[in-house]
Each structure stands twice: as C-alpha cells, then as structure tokens.
Amino acid sequence: MLFRCCMYNIFDQIGETQYNKEKLLQGQGVDTSLSEPGLQQAEAAGLYLRELRFSNVFVSNLQRARQTAEIIMRNNVHSSGVEMVFDPLLRERGFGIAEGQPKEDLKNMANAAGQSCRDYTPPGGETLEQVRLRCKKFLKSLYQRMVDDHSCSGQSSAAVGTEAGAGAAESGTDGPLAGLPDDGMEGVPLHALVVSHGAYIRVAVRHFVEDLQCSLPQDLKMSKVLSACPNTGISRFVLTVSPSESGPALSAVRCVFTNRKDHLTSRNICYITH
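An unreviewed UniProt entry annotates the protein as Fructose-2,6-bisphosphatase TIGAR B of Oncorhynchus tshawytscha.

Take a look at the structure:
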C-alpha cells in the first residue's frame, strides 16, 4: 500500500514585501513583513487553495513566510485544527553582507569575482551547497514527521506529494491538466503545505530534478522548471517514501506542475478586501 501526502511550498512564494518591490535583498537577516500587494497575493493563494485538505503545514520562521501561511490557513475550510510547524530549515538563503542592499550590488560583486550571480556567495552568505544540504535535512524530517503523525504501520511505502512556489505547467505526466487547485491529487490522501522563499525553492526544485531524478510533465521545458518562482507561486511534487533501516527514505519523485500563478489573475485579486 502507499502512504500519500502532498507538500506545498510558496516560495517568495510567500507574498511580496516592500524589499521585493524595491529590488533589495532580504535573505535571513532582513525579517520584513508583507506589503499591501503581498497581503493580497497571500489572500488570493488562500482562496485558491481553500478546498484542499492539508495534513501538515511547515513554514519558514521568517515573518513574511509566517504571514503568508497564516493567511492561507485562515481561508482554508478543512484544516483549521492543523498545527503550523515553524522550521528554520526553510529559511531563505543567507546572502551575508549583501542583505538589505540592492540586488544590482550582488550582480556587481559576482561580476567582479568572475562568477554568475546565482552561483556567487557574498562574504558571510550561504553557498548553494549549504542551502541544498539544509533542504535535504528538512525533507528527511518531513518524511519522518508524516510517518509519525499519520501512522504508516503495515504499509510498505509512502507517497509524499510536494507543492512549492513556481510556474504553471500545461500538462502532467499522465496528460493535460485541468488547471484546477487539486490537479494531481487523486489517490494522494495526505497533503502537506510548505511555505518558504524564492532562492530556497529554486535550490529545492533543482535538488528534486537533478539529484533525485524527478519525472517531469510532458512538454515542460527544463528552463521553466528551474525558473524563478513568482510571489505566492505554487509547484506540486509527489514523493514516494519507503521504509529503510535508517528510517523513511525517498524512492520516487514526480512533478505535477511548477510555478503556477492562476490565483494572481485580476479576476481573483479583485475579490480581496482589507
């Protein structure tokens, strides 16, 4: 039998902050709140996801992620009693001395070092490898938490569906998607919401695709899969977890869609009030 769940990541992705608008780096050291547009984006995401039943909720402990998750859960009609776990492993990538500075400054530092902006690590910042290891540690704890919380005794494997902020794919591995909030959820009884940040999510998605050999939707270009996630963007992955001597272990990963932002259309935003 399969033990199934889904995990959501809304990576910066969380909603917008004033720093996003002004193109300033936040990282971990700048702990800002959502802007008015960011609050509206989070409300729109919450309305879009309101009918999904979340089994678990994991959230970065930075303020902008907490706000996004709280708004999503406030709108959800099925998950009022679910505990939100605030996990520092889901924090944004640390950008060291570049935090609080214009993103253009980071590009200039990278150019001076002869590196691409994505690969460059400013003094005091986290390398991409350090973020990847942090992501792996979080995923391991997620597998164990899902098994512990939902009692998988007697089951030979578990499918963990993961949703993360990203862009919309037009087709799934089994054919075109309907564009609905529950796309790919059939037969997946457990669903975890994971709320994190843009740079962290790009590393997580790259880990799924490159390290874990994730299967991708038909006709979805790799450039789309690995592209930056919009604010409150959503991606969905289904992870199959099997028992091992060292605890629950991943045995398969399937991408349902990436970077979906249907909820950010003007038709949806216009219903949001504050």
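Caption draft 1: A look at the side chain of T17. Mapping T17 onto the fold places it in the loop between β1 (2–9) and α1 (18–21). A distance of 2.8 Å separates a polar atom in the side chain of T17 from a polar atom in the side chain of Q26. What T17 contacts, discounting residues up to four positions off in sequence, is Q26, T32, S33, L34, S35 and R64.

Caption draft 2: Region of the structure containing the state of the cysteines. Taken as a whole and judged by the stated rule, the model has zero disulfides. In this structure C214 is a free cysteine whose sulfur lies 5.2 Å from that of C255, the closest cysteine sulfur available.

Caption draft 3: Local environment of the pairing of strand β8 (residues 234–242). For β8, a buried count of nine out of nine residues is recorded, marking the element as mostly surrounded by other parts of the structure. Burial along β8 is two-sided: the residues I234, R236, V238, T240 and S242 and S235, F237, L239 and V241 are all buried. Sheet topology places β8 next to strand β9 (residues 249–260); eight bridges connect them, and they run antiparallel. Paired with R236 across the strands is F257, a residue of β9.

Each value, and the rule that gives it
Residues numbered from 1 in each chain as written. Predicted model: local features only at pLDDT ≥ 70, side-chain atom pairs only at ≥ 80, totals over all residues. Heavy atoms only, no water. Helix = DSSP H or I, 4+ residues; strand = E, 2+ residues; numbered from the N terminus. Polar contact = N/O pair within 3.5 Å; in protein donor to acceptor, adjacent residues only side chain to side chain. Contact = heavy atoms within 4.5 Å. Disulfide = S-S within 2.5 Å. Buried < 20%, exposed > 50% of the residue type's maximum accessible area, 1.4 Å probe, protein only. Pairing = 2+ DSSP bridges.

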